[in-house]
Amino acid sequence: MRVAVAFSAARRAPRVFLATFAAHAALTALAPLTALTALTSTAGCAAPRVARSIDGQIIEGRTIAAHAYALYAIGAEAEARGDLATALEAYELAEDGDPDSADIWTRIGSVRCRLGRGEAAGAAFERARAIEPDYEPAYREQARCDLSAGRLEAALGRIDRAILLDPDRDDGALLRAEILRRLGRTDDARLALRALVVRRPWSTEAWRALHAVAVEAGDRAVAEQAARRLRELAAPGAAVLGRRMPSGGRLSEVDEALVLGQLRRARRLARDADLTPAEVAVRAAALGRLGEAREQAELVSAADPASAEALVALAVAADLTGDLDALTRACDALDLSAAAGGPAVAPSRLARLLFAELLFRRVGRDAALTWLGPPLPPALVGGDALSQEVERRVHRELAGGAP
C-alpha cells in the first residue's frame, strides 16, 4: 500500500520532505519525551501523560505513539493536495495506533464525507465527540458535511455549537454565513458577515463572502463597499497596511521593496542581505505579495526543481490565490523531492511556518503542529522582524486548544 511504503520511507530517510519530513519531525519531537513517559508510568496505573509547550503554555496531554503521529502526517499531506483515498487510508491506519484521538476521528469523518460515504462519516464524527464532547472541529466538520448533503438545519445547529465552543475561528463564522444563505436567510448572513469584517478588516475571505451575499440580496451599497475593500486589499502594500514595518536593516529594505511590488529591486537588495533567491520568494509569500512570490518561486524552481524553499513559497501562493492545480503541482514536486531522498537544504524556519499555516487552513491544527516538530530557540530568528511576526501569528493560531 502507498501509505505503508511512505511510512517505511519516512523511517529510512529522516530528511525526506513534506509527509515524510513531518513524520520524522514527529518522531524527533517525541524522542525527548521518552524519559518523561517512563517516569510518569511508574507513578501509578494510569495511562502515561506528557507535557507539551504551545505558545509558552505548558499543556498536559496523552502520550501518542510515534507511528500514529507519522501516519497522521502522511494523511494530512495527502489531504492538503486532494489525494483523499490516500489520506483516508493513512488516517485509518493512524487510528489503529491511536484509537482515542478525537482529531484523527474528525479527519476520518471529513474525508469519508468528501468521498461520498455519508453514513460512515457520521459514525466517525460521533466517535470523535464520544472521546471529547466539546471538540469544536468535530462539530464544524460535520456541519460542513451536512451542508454538502443539503441537511441545512442540522448543519446550522452544529455550526452554532462549534462557534459557541470557539467563537474566534473565521472559518466557523464563514461557514455559518454560507449555511444561512443557503437557508434563504440572506439578511442574517449579511449581518453575520458585517460583524466578521469589523472584527477581521484584513480578511479577503470575509469581504469576498460579504460581496457575494450582498449581490445576491440586491444590496448595491454593501456590494460596492465590499468590492472597494477587496480592491484596496489587492493593492501594493495592502498586506501590511496598518502594520508597522520594521525600520532599518537590509532585511527590511528587501521587505519594503517586495511590499511595493518591486521584485527586481528586492532581488538586488537580497544579495546584500545574504538572502538566497528562494528566500526572497518565501518572504514575498509571508508579506502577502502573492504574485511576486509565485514569479520568484517559479524562477527558482526552473533552475533548481528540488528547492524546497521555492516549492513551499509556490504552494502557499497557489493556495492563497485559489489555484488548486498549481498547489497540487507544488506538492507533487515536493513528493518527488521526498522520493529522491529529500532536499539538499532543509527549508528555513519561515518556510516551515508558512507551510504550517497552509496545513492549518486546509487540514487542521494537529497537522500543522506535527509538521512544525520541535520549536527552534528564539535566538535563531532574532533580528528578523518578519519571521518573528509570522512566528507569533502561527503560535496564536495553533494555541487554540490542547494538542
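Here the structure is shown first, and the text comes after it.
Thresholds, definitions, all that
Residues numbered from 1 in each chain as written. Predicted model: local features only at pLDDT ≥ 70, side-chain atom pairs only at ≥ 80, totals over all residues. Heavy atoms only, no water. Salt bridge = Lys/Arg side-chain N within 4 Å of Asp/Glu carboxyl O. Patch = residues over 30% accessible without salt bridge, like charges linked within 9 Å, V, L, I, M, F, W, Y side chains within 5 Å. Areas by Shrake-Rupley, 256 points an atom, 1.4 Å probe, with all protein chains shown as cover. Lys, Arg positive; Asp, Glu negative; His and termini not counted. Charge placed at Lys NZ, Arg CZ, Asp CG, Glu CD. Helix = DSSP H or I, 4+ residues; strand = E, 2+ residues; numbered from the N terminus. Disulfide = S-S within 2.5 Å. Buried < 20%, exposed > 50% of the residue type's maximum accessible area, 1.4 Å probe, protein only. Phe/Tyr/Trp six-rings, centres within 6.5 Å; stacked < 30°, edge-to-face > 60°. Lys NZ or Arg CZ within 6 Å of the ring centre and 35° of its normal.

K.L.:
For this particular structure, what's the right way to read the pattern of salt bridges?
P.N.:
Any two side chains of opposite charge can pair, so long as their charged atoms come close to each other. Here the structure, examined in full by the defined rule, presents 30 salt bridges. Via salt bridges that share partners, Glu136, Arg140, Glu141, Arg144, Arg169 and Asp171 belong to a single interconnected network.

K.L.:
Mind showing me how you'd approach a positive patch on the surface here?
P.N.:
A contiguous patch of positive charge, built from Arg264, Arg265, Arg268 and Arg271, is present on the exposed surface. Within the secondary structure, Arg268 is located in helix α15 (residues 263-272).

K.L.:
I tried to follow a negative patch on the surface on my own but got confused; where do I start?
P.N.:
Together, Glu253, Glu256, Asp272 and Asp274 make up a negatively charged patch on the protein surface. As for its position among the elements, Asp274 is in the loop between α15 and α16 (277-286).

K.L.:
Mind showing me how you'd approach the state of the cysteines here?
P.N.:
Put plainly, a disulfide is one covalent bond tying together the sulfur atoms of two cysteines. Applying the stated criterion to the full structure yields one disulfide. Here Cys113 is linked by a disulfide to Cys145, with a sulfur-sulfur distance of 2.2 Å. With the S-S dihedral at roughly 105°, the linkage between Cys113 and Cys145 falls on the right-handed side. Highlighted residues: Cys113 in helix α6 (residues 102-114) and Cys145 in helix α8 (residues 136-148), separated in sequence by 32 residues. Given the relative accessible area of 15%, Cys113 is considered buried.

K.L.:
Quick question: what am I supposed to make of the packing of aromatic side chains here?
P.N.:
The relative placement of two aromatic rings is captured by the distance of their centres and the angle of their planes. For the structure shown, the criterion picks out one aromatic pair. Measuring from ring centre to ring centre gives 5.5 Å for Tyr72 and Tyr91, while their planes differ by 55°; the resulting arrangement is tilted. Of this pair, Tyr72 sits in helix α4 (residues 66-80) while Tyr91 sits in helix α5 (residues 84-97); the two residues are 19 residues apart in sequence, bridging distant segments of the chain. Looking at Tyr72, the relative accessible area reads 3%, which means it is buried. Arg129 extends its terminal NZ or CZ atom over the ring of Tyr139, reaching a point 4.8 Å from the ring centre.

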